[in-house]
Amino acid sequence: MLPLDPLPAIMARTVAAWLPAVDRARYVAFLDMMVHYTRRSGDRLRHAAATATDPRLREFFAGLADEEQDHWRLAAADLAALGAAPSAGLPAEVAAFEAFWWGIEAAEEQAFLGALYVLERVGGHLQEPVRAALGRLGLTKQQARFVLVHLEVDGDHGARAEELVRALAGQGDPALVRGAREAMAHWLAIHRRALG
């Protein structure tokens, strides 16, 4: 077992504990945060692909960039379906995550993979509590597309990230674990601000 293996479940348990108290106002705040958090996902992943030297990582990051680049539009559409619009300012928690991401250099390329490992695997641990929360809020599919899509695609992305981690973990790169732990901390801060 790798040190980063338990992290997605820890992230999920933390967020699941906040879900029973989430009302529509908190859900709107969450969607607003997700617009900001995912708006530059494609750019961040293209940066990871351009920075990485391992061709397996470059291919994985570039593929994810194409798949993730427009997900922010789902969050914005869900907001519109709830009669709201994205806020103007970039939340400090998102800015901190982006500073971490843009600060990763080629020598630490596995930090990108460690980050994606936890970010893409957490959804698999949140299926039941999130679906229960959406049902409790009485949301239509047009108000919950962002969450529902991510519950599905994160499974595939997480499996691909895990495959790469298993293939590369033998190198014992501490950047892999550092990337996972830092991404976990930022992800929890982002969700705490919106939901907690």
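Remember, predicted model here, so these are calculated numbers, not experimental data.

Thresholds, definitions, all that
- Residues numbered from 1 in each chain as written.
- Predicted model: local features only at pLDDT ≥ 70, side-chain atom pairs only at ≥ 80, totals over all residues.
- Heavy atoms only, no water.
- Helix = DSSP H or I, 4+ residues; strand = E, 2+ residues; numbered from the N terminus.
- Rg over C-alpha atoms; globule rule 2.2 N^0.38 Å.
- Buried < 20%, exposed > 50% of the residue type's maximum accessible area, 1.4 Å probe, protein only.
- Contact = heavy atoms within 4.5 Å.
- Lys, Arg positive; Asp, Glu negative; His and termini not counted.
- Charge placed at Lys NZ, Arg CZ, Asp CG, Glu CD.
- pLDDT = per-residue confidence, 0-100.
- Axes fitted to C-alpha atoms, helices over the stretch in contact; angles between N-to-C directions.
- Parallel < 35°, antiparallel > 145°, perpendicular 65-115°, else oblique.
- Left-handed = near helix turned anticlockwise from the far one by under 90°.
- Nonpolar A, V, L, I, M, F, W, Y, C, P; charged D, E, K, R; others polar.

Trainee: Talk me through the overall build of the protein; I want residue IDs and the actual numbers.
Mentor: Secondary structure summary: the protein contains nine helices and zero strands in total. The secondary structure elements of the protein, listed N-terminal to C-terminal, are α-α-α-α-α-α-α-α-α. For 196 residues, the compact-globule estimate of 2.2 N^0.38 gives 16 Å, and the C-alpha radius of gyration of the protein, at 16 Å, lies within 12% of that figure. Oriented by its inertia axes, the alpha-carbon framework of the protein measures out at about 45 × 30 × 25 Å. Residues classed as buried in the protein amount to 51% of the 196 residues present. For the protein, contacts bridging at least 24 residues in sequence account for 88% of all contacts bridging at least 6. Taken together, the 21 basic and 25 acidic charged side chains of the protein have centroids lying 6 Å from each other.

Trainee: Kindly report on the confidence of the model for the protein, identifying the contributing residues and their values.
Mentor: Model confidence for the protein is summarised by a mean pLDDT of 92, while 97% of its residues fall at 70 or above. The secondary-structure element of the protein with the lowest mean pLDDT is helix 8 (residues 145-168), recorded at 83, while helix 6 (residues 92-102) shows the highest, at 98.

Trainee: Can you tell me about the packing of helix 6 against helix 9 (residues 174-195), naming the residues and giving the values?
Mentor: Running from N to C, helix 6 and helix 9 point in directions that differ by 165 degrees, and their axes come no closer than 9 Å. Relative to helix 9, the element helix 6 is oriented roughly antiparallel. For the element pair helix 6 and helix 9, the recorded crossing hand is left-handed. Taking contact as the criterion, the partners of A92, E93, V94, A96, F97 and F100 in helix 6 are, on helix 9, R178, G179, E182, A183, H186, A189, I190 and R193. A class-by-class count of the residues in the contact of helix 6 with helix 9 yields eight nonpolar, two polar and four charged.

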